[in-house]
Amino acid sequence: MGKIRIEKRFIDESLRIRKEYLNSLTELKDKESNISKIKNDILESYNLAHVNDIDKELMETKIEKLSNDIKKLQNDVEPIIIDINNLKNDADRLFEKIKEKYPNVTKEDLIDSLSPHINNIDKDYDVF
Amino acid sequence: MKIKTKLIEFEKENRNGRIYPKELMNSVMEQLKSKNSPLYGELGQDNNSFDISLKNISHTIENIYVDDNSIYGNIRILDTPKGKIVKELLNNSQSIGIASRGMGSINSDGTVSDNFKLLTFDLVADPSFDIYISRNTKEKYIDKIQELKETWEKLELKKDS
């Protein structure tokens, strides 16, 4: 079928989904350094736990801090992941609506038609 | 929480006056290896029951092997209600015993007959062999870090999916 002319409401919805997706991805990327830091803290705590003469006070402080950091990271990251999954569902629903309106359209046709709009948004984000 | 431990001893009289002859060891190993994995065990033991009660499962038994006159393996404590009790007890420096559960006849000299069928290993307060699991300070710290690591890994996996 090739490139098609899609109704504006569908384009607007796809742009909303894309923007929110990129915002979520940016938020997730901002947490990357915390995620790596926690990985290092886990390794460091492992090493501390394996020494012969364990400093219990230090160990307990480390574990408590690690536990709080992981809880905080969970609270920060899990809602973003839920948002991204919801956006994936929104995208599927949108595709179904477009299919209803244009029964012969394929995913490739849709991508062809929407990519100029989406590329405009993508260039403002640095997440890829 | 995973604990490497002895599970059962052969050629040694236990508190019930029973002796598991060494000849039984290979048969017990074969029985254990042929079971559907994972092999579940319960907290507490109902000697009259030959079924695993799902609500009482606290652990799995993995990586079973023979050394000398004993069978060893890893007890993995699960996050089930009964598993959580086990973890809490171990974290409070309690030792918990391991008891085999099986069925078979006993010969007049106290030896267990070769028709013995081993079902599982349960965690109990008063085991017939002196086999207990416990956690020292270092192990408790490592368990805690391991738990945190697993939480972190789950999060990392979710993020990447």
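Heads up: the structure comes first, above all this text.
Keep in mind that this is a model prediction, so the values were computed, not measured. (Residues numbered from 1 in each chain as written. Chains lettered and ligands numbered in written order. Predicted model: local features only at pLDDT ≥ 70, side-chain atom pairs only at ≥ 80, totals over all residues. Heavy atoms only, no water.)

Describing the environment of Phe-95 of chain A
Residues and elements named next belong to chain A. Applicable threshold: Helix and strand definitions follow DSSP, with helices as H or I runs of at least four residues and strands as E runs of at least two, each counted in order from the N terminus. Accessible area is worked out with a 1.4 Å probe on protein chains only. A residue is then buried under 20% of its type maximum, exposed over 50%, and partly exposed in between. Residues are treated as being in contact if the distance between any of their heavy atoms lies within 4.5 Å.
By secondary structure assignment, the location of Phe-95 is in helix 2 (residues 56–101). What makes Phe-95 buried here is its relative accessible area of 16%. Sequence separation between Phe-95 and Thr-106 is 11 residues, and the spatial gap between their C-alpha atoms is 9.6 Å. Excluding its chain neighbours within four sequence positions, the residues that come into contact with Phe-95 are Thr-106, Lys-107 and Leu-110.

Some words on the sheet that holds strand 3 (residues 57–67) of chain B
Residue and element names in this part refer to chain B. Formally: The pairing criterion is simple: DSSP has to find at least two bridges between the two strands. In this description, a line fitted to the C-alpha atoms serves as the axis of each element, helices being fitted only across the stretch in contact, and the angle between N-to-C directions of two axes falls anywhere from 0 to 180 degrees.
Pairing within the open sheet is antiparallel, and its 4 strands lie in the order 1-4-3-2. In this open sheet, the two strands that pair with only one neighbour each are strand 1 (2–9) and strand 2 (39–42). The average angle at which neighbouring strand axes cross in this sheet is 40°, direction not considered. The pairing of strand 1 with strand 4 (residues 70–77) spans 7 bridges and is classified as antiparallel. Residue pairing for strand 4: Lys-2 is matched across the bridge by Arg-76. Its contacts with the sheet put helix 1 (residues 23–34) on strand 2, strand 3 and strand 4, and the angle it makes with strand 3 is roughly 135°. Across the face of the sheet, helix 2 (residues 81–91) comes into contact with strand 1, strand 3 and strand 4 while running at roughly 70° to strand 3.

Structural notes on the pattern of salt bridges
For side chains bearing opposite charge, pairing can occur when the charged atoms are close. Rules: Salt bridges are defined as contacts in which a side-chain nitrogen from Lys or Arg sits within 4 Å of a carboxyl oxygen from Asp or Glu.
Counted under the stated rule, the structure contains 25 salt bridges over all chains. Here Arg-15 of chain B makes a salt bridge to Asp-130 of chain B, at a shortest N to O gap of 2.2 Å. Within this pair, whereas Arg-15 of chain B is found in the loop between strand 1 and helix 1, its partner Asp-130 of chain B is found in the loop between strand 6 (117–124) and strand 7 (132–133), the two being separated by 115 residues in sequence. Residue Arg-15 of chain B is classed as partly exposed on the basis of its relative accessible area, which comes to 48%. Residue Asp-130 of chain B is classed as exposed on the basis of its relative accessible area of 55%. The residue Asp-122 of chain B makes a salt bridge to Arg-101 of chain B at a minimum N-O spacing of 2.8 Å. Of this pair, Asp-122 of chain B sits in strand 6 while Arg-101 of chain B sits in strand 5 (residues 96–103), placing them 21 residues apart in sequence. Bridged by salt links that share partners, the residues Glu-13, Arg-16, Glu-20, Asp-90 and Arg-93 of chain A form one connected network.

Comments concerning the packing of helix 1 (residues 8–49) of chain A against helix 3 (residues 107–122) of chain A
Packed helix pairs are characterised by how far apart their axes lie and by the angle those axes make with each other. Residue and element names in this part refer to chain A. Condition: Crossing handedness: left-handed means the near helix sits turned counterclockwise from the far one by under a right angle, and right-handed means the same turn made clockwise.
Remark: helix 1 packs on helix 3, axes separated minimally by 10 Å, with the N-to-C direction vectors making an angle of 35°. The crossing of helix 1 and helix 3 is right-handed. In this structure, helix 1 contributes Ile-11, Ser-14, Leu-15, Arg-18, Lys-19 and Leu-22 to the contact, and helix 3 contributes Leu-114, His-117, Ile-118, Ile-121 and Asp-122.

Thoughts on unusual backbone geometry
Residue and element names in this part refer to chain B. In the Ramachandran plot, Asn-63 falls in the positive-phi region, its phi being about 50° despite a non-glycine side chain. Residue position: Asn-63 is located in strand 3. Using a relative accessible area of 52% as the deciding quantity, one classes Asn-63 as exposed.

What about helix 1 of chain A?
Helical geometry: 3.6 residues make up each α-helical turn, so side chains three or four residues apart lie on a common side. Stated precisely, the cut-off is as follows: What a helix is expected to span follows from its residue count: subtract one and scale by 1.5 Å. What we call the bend at a residue is the angle made by axes fitted to the seven residues finishing there and the seven residues starting there.
Between its first and last C-alpha, helix 1 of chain A extends 60 Å over 42 residues, near the 62 Å set by a 1.5 Å rise per residue. Along its length, helix 1 of chain A shows its largest kink, about 35°, at Lys-31 of chain A.

Section: the side chain of Asp-90 of chain A
Locating Asp-90 of chain A in the fold gives a position in helix 2. For Asp-90 of chain A, the contacting residues outside a window of four places in its chain are Arg-16 and Ile-17 of chain A.

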